[in-house]
Amino acid sequence: MAEGDHSPNTVVPAVKPLPEEPRALRLTVEDITSQKLIDVCRGRPYGLLLKLDEMNNWMTKINDPKSGDDRGAWIAGYEVRGYRMDRVTSGEVEAESVGLSIYGNIQPQVFKDHLKRMSSDGMIQRFIPARINGEKNKMYQRAPTMVSNQREYEELVRMMRTIQVGEYSLSPGAEQVFDEFAQWQIELNKDE
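Residues numbered from 1 in each chain as written. Predicted model: local features only at pLDDT ≥ 70, side-chain atom pairs only at ≥ 80, totals over all residues. Heavy atoms only, no water.

S.K.: I'm lost on the side chain of Asp 69 in this one. Help?
M.R.: Looking at where Asp 69 falls in the secondary structure, it is placed in the loop between helix 2 (55–63) and helix 3 (71–79). Although Asp 69 lies buried, it forms no salt bridge, and the closest oppositely charged side chain, Lys 61, sits 4.2 Å away as judged by the N-O distance. A polar contact of 2.8 Å, which involves the side chain of Asp 69, links it to the backbone nitrogen of Ser 34. Discounting residues that sit within four places of it in the chain, Asp 69 has contacts with Thr 33, Ser 34, Lys 61, Ile 62 and Trp 74. (Helix = DSSP H or I, 4+ residues; strand = E, 2+ residues; numbered from the N terminus. Buried < 20%, exposed > 50% of the residue type's maximum accessible area, 1.4 Å probe, protein only. Lys, Arg positive; Asp, Glu negative; His and termini not counted. Salt bridge = Lys/Arg side-chain N within 4 Å of Asp/Glu carboxyl O. Polar contact = N/O pair within 3.5 Å; in protein donor to acceptor, adjacent residues only side chain to side chain. Contact = heavy atoms within 4.5 Å.)

Now the structure itself:
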């Protein structure tokens, strides 16, 4: 066979790369490391809720420099931005958008003990602590399922996630009003 001649079985067919595998809708995570967080966020641009029944374990882990957990990944979650993590064992994992809300419970004194370490890089400033009135919580009992709105709430969140992203713009008159307000705000800040 002369050079350049190909039999039908010797030509390598052009194959398109496979699209990324679809990922199941996921709204919450619980006990998760920063490495797994970035992996879970990959392909889920709408973010997640980290639910922590006991925040002390999570705070201890992210405050311990020997734990290997990456505080930067958690901060990226607050700022809803992309994040790339390179690890020897797992290789490169990149999420185009890490959006994370954190909800958890912790005793006030334990929270106070973590404050100094969590404030060294601005981590604690990303939290909004709320204290529950212990007097009003003494007789807490779980509400019966028939009076709970949990199912309806979860359905609402799922429905909201299916809404198409839209872009809005101001009318020319509204843009003028906004620009005037912005200028007023700048002047107010200078005066203060």
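Having put the structure on the table, let's press on.
S.K.: When you look at the packing of aromatic side chains in this model, what are you seeing that I'm missing?
M.R.: What describes a pair of aromatic rings is the distance from one ring centre to the other and the angle between the planes of the rings. Using the criterion set out here, one finds three aromatic pairs in the structure. Aromatic side chains Trp 58 and Trp 74 sit 5.3 Å apart centroid to centroid with 90 degrees between the ring planes, which places their arrangement in the edge-to-face category. Of the two residues, Trp 58 sits in helix 2 while Trp 74 sits in helix 3, which places them 16 residues apart along the sequence. In terms of burial, Trp 58 and Trp 74 fall into one category: buried. Consider the rings of Trp 58 and Phe 127, whose centres lie 6.0 Å apart with planes at 65 degrees: the pair is edge-to-face. With a gap of 69 residues between them, Trp 58 in helix 2 and Phe 127 in the loop between helix 4 (108–118) and helix 5 (150–161) connect regions that are remote in the sequence. For the pair Trp 58 and Phe 127, one class covers both residues: buried. Connected via pairs of aromatic rings, a cluster forms that spans Trp 58, Trp 74 and Phe 127. (Phe/Tyr/Trp six-rings, centres within 6.5 Å; stacked < 30°, edge-to-face > 60°.)

S.K.: Looking at this model, I keep getting lost on the side chain of Ser 34. Mind explaining?
M.R.: Checked against the element boundaries, Ser 34 lands in helix 1 (residues 34–41). Note on Ser 34: relative accessible area 0%, which makes it buried. Excluding anything up to four places from it in sequence, Ser 34 contacts Asp 69, Asp 70, Ala 73, Trp 74 and Met 85.

S.K.: Sorry if this is basic, but what is going on with unusual backbone geometry here?
M.R.: Note: most peptide bonds trans; most residues except glycine with negative phi. Of note, the phi angle at Val 80 is positive, near 50 degrees, even though the residue is not glycine. Turning to its location among the elements, Val 80 is positioned in the loop between helix 3 and strand 3 (81–87). Val 80 gets classed as partly exposed once you look at its relative accessible area, which sits at 49%.

S.K.: Explain the confidence of the model for the protein chain to me, please; I cannot follow it from the model alone.
M.R.: Regions with low pLDDT should not have their predicted coordinates read in detail. This prediction gives the protein chain a mean pLDDT of 82; 88% of its residues lie at or above 70. Taking the mean pLDDT of every element in the protein chain, the minimum, 79, falls on helix 5 and the maximum, 92, on helix 6 (residues 172–191). (pLDDT = per-residue confidence, 0-100.)

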